[in-house]
Amino acid sequence: MDYDVIVVGGGHAGIEAALAAARLGRSTLLVTQNPDAIGRMSCNPAIGGLSKGNLVREVDALGGQMGLLIDATTIQYRLLNRSRGPAVQAPRAQADKSAYAAAARSSVEGQRGLRVYMDAVTGLVASADGARVEGVITERGRRIGARAVVIASGTFMEGRIFIGEHRAAAGRLGEPAALGLGSWLRAAGFPVGRMKTGTPARVKASSVDLGALELQAGDPDRKPFSFLNDEATGPELPCRITYTNERTHAIIRANIGRSPLFSGDITGKGPRYCPSIEDKVVKFPDRDRHQIFVEPEGLYTDELYLNGLSSSLPEEVQDEFIRTMPGFDEAFMVRPGYAVEYDYVDPVDLYASLESKRMAGLYMAGQTNGTSGYEEAAAQGIVAGINAALAIAGEPPLILSRAESYIGVMIDDIVTLGAKEPYRMFTSRAERRLALRHDTADRRLTPVGMRVGLASTERAERFGRKLEAMDAIRALLGARRISQEDAARDPVFAPHVGEGLSRALRDPRVAEMDVEAIEPGAGAYPEEWVTGVILDLRYEGYVAKEGRLSARLGKLDATRLAADFDYSTVPGLSSESVEKLLACRPLSLGQASRIPGVRPSDVALLAVRIAARR
Amino acid sequence: MSSAVRAFEPLPPRLFARYRSGMAKGYLDVEDDIAALATPPGTGALAVVRATGPGSVDRLARAFSRPDALRAAAGYTAAYGRMLGADGRAVDEVVALVFRAPASYTGQDCVDVMCHGGQATVADVLDALEVVGFRGALPGEFTFRAFYNGKMDLSRAEAVSELVSARTSEARADAFSRLSGGLSRELSAIKAMLVRAAAAFALRLDYGEDESPEDIVAELPILTKARAACEDLADSYTVGRVLRDGAVVALAGRTNAGKSSLFNRLLKEERAIVSSAPGTTRDYLEAELDLGGLPVRLVDTAGVRDSVDPVEAEGVRRSLLVADGADAVVYVVDATVGLSAEDQAFLAANPGAVMAWNKVDAPEAGPVPAGWIGVSAATGFGESGLAASIRSSLLGGRESDGAATARIGTARHRDALIRAGSSLGDAIAAIESGEPVDMAAVDVATALEALGEITGETTSEDILESLFSNFCVGK
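Residues numbered from 1 in each chain as written. Chains lettered and ligands numbered in written order. Predicted model: local features only at pLDDT ≥ 70, side-chain atom pairs only at ≥ 80, totals over all residues. Heavy atoms only, no water.

Undergrad: Looking at this structure, I do not really get the overall build of chain B. What am I missing?
TA: Across its full length, chain B holds 16 helices and 12 strands. Per-residue burial over chain B gives 54% buried out of 475 residues. Long-range contacts, defined as pairs at least 24 residues apart, comprise 64% of the intrachain contacts of chain B with a sequence gap of at least 6. Only carbon and sulfur atoms are counted for the fraction: they give 54% of the accessible area of chain B, which is about 19,800 Å². (Helix = DSSP H or I, 4+ residues; strand = E, 2+ residues; numbered from the N terminus. Buried < 20%, exposed > 50% of the residue type's maximum accessible area, 1.4 Å probe, protein only. Contact = heavy atoms within 4.5 Å. Areas by Shrake-Rupley, 256 points an atom, 1.4 Å probe, with all protein chains shown as cover.)

Undergrad: Just checking my understanding: could you explain the overall build of chain A for this structure?
TA: Scanning chain A from terminus to terminus reveals 23 helices and 22 strands. In terms of C-alpha radius of gyration, chain A reaches 25 Å, essentially the compact-globule figure of 25 Å for 614 residues. Taken over the C-alpha atoms alone, chain A extends approximately 80 × 75 × 50 Å along its principal axes. Within chain A, counting contacts between residues at least 6 apart in sequence, those at least 24 apart form 71% of the total. Carbon and sulfur atoms make up 51% of the accessible area of chain A, which totals about 22,600 Å². Here chain A carries 76 positive and 78 negative side-chain charges, and the mean point of each set is 4 Å from the other. (Rg over C-alpha atoms; globule rule 2.2 N^0.38 Å. Lys, Arg positive; Asp, Glu negative; His and termini not counted. Charge placed at Lys NZ, Arg CZ, Asp CG, Glu CD.)

Undergrad: I'm lost on the pairing of strand E2 (residues 28-32) of chain A in this one. Help?
TA: In regular strands, side chains alternate between the two faces of the sheet. All names here are of chain A. For E2, a buried count of five out of five residues is recorded, marking the element as mostly surrounded by other parts of the structure. Taking every second residue as pointing to the same face, both faces of E2 are buried, with Thr28, Leu30 and Thr32 on one and Leu29 and Val31 on the other. The pairing of strand E1 (residues 3-8) with E2 spans four bridges and is classified as parallel. Bridge pairing in E2 places valine 7 opposite leucine 30. Handedness of the crossover joining E1 and E2 through helix H1 (residues 12-23): right-handed. Relative to strand E6 (residues 114-118), E2 runs parallel, the two being bridged by five bridges. Each bridged residue has a counterpart across the sheet, and for leucine 29 the counterpart in E6 is arginine 115. (Pairing = 2+ DSSP bridges. Right-handed = clockwise from strand over helix to strand, strands pointing away.)

Undergrad: Teacher, can you tell me more about the pattern of salt bridges here?
TA: Side-chain pairs of opposite charge can arise where the charged atoms are in close proximity. Residue and element names in this part refer to chain A. Scanning all chains against the criterion turns up 56 salt bridges over all chains. Arginine 105 is paired through a salt bridge with aspartate 36; the nearest N and O atoms lie 3.0 Å apart. You can see arginine 105 sitting in helix H4 (residues 97-109) and its partner aspartate 36 sitting in the loop between E2 and strand E3 (46-48), a full 69 residues away along the chain. With a relative accessible area of 27%, arginine 105 lands in the partly exposed category. Two residues, aspartate 413 and arginine 402, come together in a salt bridge whose shortest N-O distance is 3.0 Å. Taken as a pair, aspartate 413 in helix H11 (residues 406-417) and arginine 402 in the loop between helix H10 (374-392) and H11 lie far apart in primary sequence, 11 residues in all. A network of salt bridges, in which partner residues are shared, links Arg402, Asp412, Asp413, Glu431 and Arg594. (Salt bridge = Lys/Arg side-chain N within 4 Å of Asp/Glu carboxyl O.)

Undergrad: I tried to follow the sheet that holds strand E17 (residues 239-243) of chain A on my own but got confused; where do I start?
TA: Each strand in a sheet pairs with another by means of backbone hydrogen bonds, the pair being arranged parallel or else antiparallel. Residue and element names in this part refer to chain A. Strand order in the open sheet made by the six strands is E16-E17-E18-E19-E15-E20, with antiparallel pairing throughout. Edge positions in the open sheet fall to strand E16 (214-216) and strand E20 (333-335), since each of these has one partner strand only. With strand direction ignored, the average angle separating the axes of adjacent strands in the sheet is 35°. Where strand E15 (residues 202-204) lies against E20, two bridges are found, and the strand directions are antiparallel. (Axes fitted to C-alpha atoms, helices over the stretch in contact; angles between N-to-C directions.)

Undergrad: Would you take a moment to explain helix H6 (residues 246-254) of chain A for this structure?
TA: One turn of an α-helix holds 3.6 residues; hence residues three or four places apart share an orientation. All names here are of chain A. Every buried residue of H6 is accounted for by Thr248, His249, Ile251 and Ile252. Down the axis of H6, the buried side of the element spans an arc of 160°, and every buried residue falls inside it. Facing away from the buried side of H6 by over 90 degrees, the exposed positions are Arg247 and Ala254. Turning to H6, the residues buried within the fold contact helix H8 (277-283) and helix H9 (315-322). (Arc of directions from axis to C-beta.)

Undergrad: Mind showing me how you'd approach the packing of helix H3 (residues 66-73) of chain A against H4 of chain A here?
TA: The packing of two helices is summarised by the inter-axis angle and the distance between the axes. Residues and elements named next belong to chain A. Closest axis-to-axis distance for the H3/H4 pair is 9 Å, and the angle between their directions is 135°. In terms of axis orientation, H3 runs oblique to H4. Crossing hand, H3 versus H4: right-handed. The segment H3 lies against H4, with Met66, Leu69, Ile70 and Thr73 engaging Ala99, Tyr100, Ala103, Ala104 and Ser107. Partitioning the contact of H3 with H4 into residue classes produces seven nonpolar, two polar and no charged. (Parallel < 35°, antiparallel > 145°, perpendicular 65-115°, else oblique. Left-handed = near helix turned anticlockwise from the far one by under 90°. Nonpolar A, V, L, I, M, F, W, Y, C, P; charged D, E, K, R; others polar.)

Undergrad: Would you explain the sheet that holds strand E4 (residues 74-80) of chain A in this entry?
TA: Residue and element names in this part refer to chain A. Pairing within the open sheet is antiparallel, and its three strands lie in the order E3-E5-E4. Two strands close off the open sheet at either side, each with one partner strand: E3 and E4. Across the sheet, the mean angle from the axis of one strand to that of its neighbour is 20°, orientation sign disregarded. Here E3 pairs with strand E5 (residues 90-95) via three bridges, running antiparallel. For alanine 46, the partnering residue across the bridge sits in E5 and is glutamine 94.

The structure is reproduced here in structure tokens:
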């Protein structure tokens, strides 16, 4: 074999997969059509956001790269949903796009045991019986052997771009599609489908009257994504907000027939949560305006990203409707928005390890699996990379549970439900979201990263120090008794006299106060650690309630099912259920219960059958 | 899956009364051939003994005078013959109706043996089956096998178990409406409300404050409405239970108020009560009747009077206990005597009692006081008004129109709905006390989970579906 692991694609999934495999000691080759494009952000210039920020911190906690990359290239930081509860707060950072890609490329090129090679993969080399992958075939006719292959092709596999009536074989505007691999997978019997996503136009900043827009400033107290960083610093650029109006909508309606989305030219399914502006205008005709976020693409570019204005209407129509927005009368469009349609492989074809059920040694990650988003891609990439390396070492795969991580929720969702539209992480998908706060990612997953061998010595040591400090903080808050003097100073303390501060903190009015003013000793520790302890204490009751709610989930998940269980021999299972169960081959009763079309009574029946067998 | 466990709970035993003991067999021994009396015990022209199991036809043939005819019978055909006892002598002439798997109630081969009614005959037939190796069915075991073999889902299995134990035609209609989806329509309406509420929460969980409405207080009306709907349906359990299990109605009043004659009038029988409970006339009597479609056990209690006679004192004590345990109490007063202090005391202690002003047609009767129903046990005057008042007292104002209003009939459903309603109450309280949206969301999820025990699970996809179709979101 030439390499242990070959990773196809240098996007956010490919980077994490290649780095993880190489860091676990596997000789790794990253094959990309263009090394200059490693780590490019195809769409919005931001990392994180609700539940996505949690994913980034989970990737970091395991020993991944994304958190470090964004910390180094942030140009604005916000903690979203400060006014809401801790489960729905998450960090998001605007990135300097070109700096981000440069940092990513540098981390890949600097990794020992990892090589980058420029070519396009057009097919796989399979064993004689087709049951194992043995390498890749490239556009220039090379056969490269490997014990494991990770496909992370993004939007490039048979990618096709639509701008009004214009069509181009491309994965990103101006970058050629990767042709061949999709057809190879189809011919080999993989369930390949088409998906669609879109991106808005970019306009020249100096052609826009920025003073006419609402300003959206970043948080003054920036926090790092990576648990390896103590602080986050760097330049600061503001975002802005504007709105569409009735004129914008009238232009869109008048030209709706020219959108490939409505003319029927695009067959791939697009994301409902990230609709194009024409979708929004058609679907919600009563709305007289839609909010548009105007985001800078970087420090050394004059391009602005129009978040919320994704479109595949003809360029001149986009040009026209953009200029209806206040401040955009003279706007110059640098790049038009477009829709891109691409091949994906239905992830129901994968085990939760992200390994293919039909070809051992083959892993898939990111948009290849029908997900969308940089963060979702990175999270699958690191799992695929880890599992490729573990499999070569003859070790069992890493399968994160729904109860311990957003990553586990996402992977269980896609391998169980398949992807019918681009899958995006949502807070509401996680049953244990109160426990899955972004600031607890290291406590949940760094021990896993250490066990697997991906967490560095530095990370392990920092983590140990943090755990000790949190214990000390807990002891400190428990020892501080609320006194009569406290109550005299502030009546909020009156009901808590005699209690430890850790108990009094369950009262929302106490929790909102500055803890250092009550117990100055807390000032000796990093703020995030103190806040973490307080949140743990304050919401203990709700976390327990949430735990009870998902206890049933845990029980069903603990009941294992054999991958080769023959459901057709179970009398009474509906034929639809049998078909779905055989297609998915769930590894637990819990996974079976989440397969759409498998009725609860069928799950009950399976549970009874399993009980009868014992 | 909690419902899987519940499938093991014994279903009502009425049909499957015999052969409770014997081998320590369980429901999971689904390959056993089992049999039980399928018609109510007692005397009738015919009785049906049902047998099922993979080998049930062959096994039954061994106790049948024409074994080959039975073995050869196709599904839905009958074989005439005699059941043979242990000594080979005929115990009865029977018709055996054969069902072949999977086209049978249980999904396995099944034989319905129609024999002559009468407890001795039935016992002989069952003994004959036991001799050839049939096991007595456990309570609900036929229905369990139907579920096990995929012939019906859990909620239908529950409804069937009620259908077979339903006592009156209205009760049957109620169980039947559940089978045909009446309850599931009502539940779907509640589920839709909860999913809408959960979507409103998901909107705030999934989108930032700059993209989604801030004020969760705006969701209080839908939460309140959903909670009320859960509580209403949970309350309907009383009606469902009365229809299924029957209600106990106690006739109370002082000695000689005319309770016994009213008792006989309501039973439409002049003769002495056949099924009288043991005891003296100073104890209490009871009988079953169909009160406008409701199965009712009517109990005539001894007179309420502080007695020095020890036997009567015991009777009074017991009748007060019966009144305490009754679903409705009819308090009878002799109109020619009027209200006494004892009457006042009883009514003060039982404010919901239906008050009957008896002997209202007697010349010396006092005028009917407000809130009382004038009746005459002797002539039947006022009887229908009295029956209507008893019904409405039992149904708690939820007057049944006999039509399709669905009611829940099982304690499991009621429990789930009460938990759902109470979690929604927690959510409302959390919002009102200013807890953040993600905390109240746990309560809404708990409510949805509880409802899911009846309706099937709600997935996060269902919630997102509702979110995307109701709100314009996404950048």
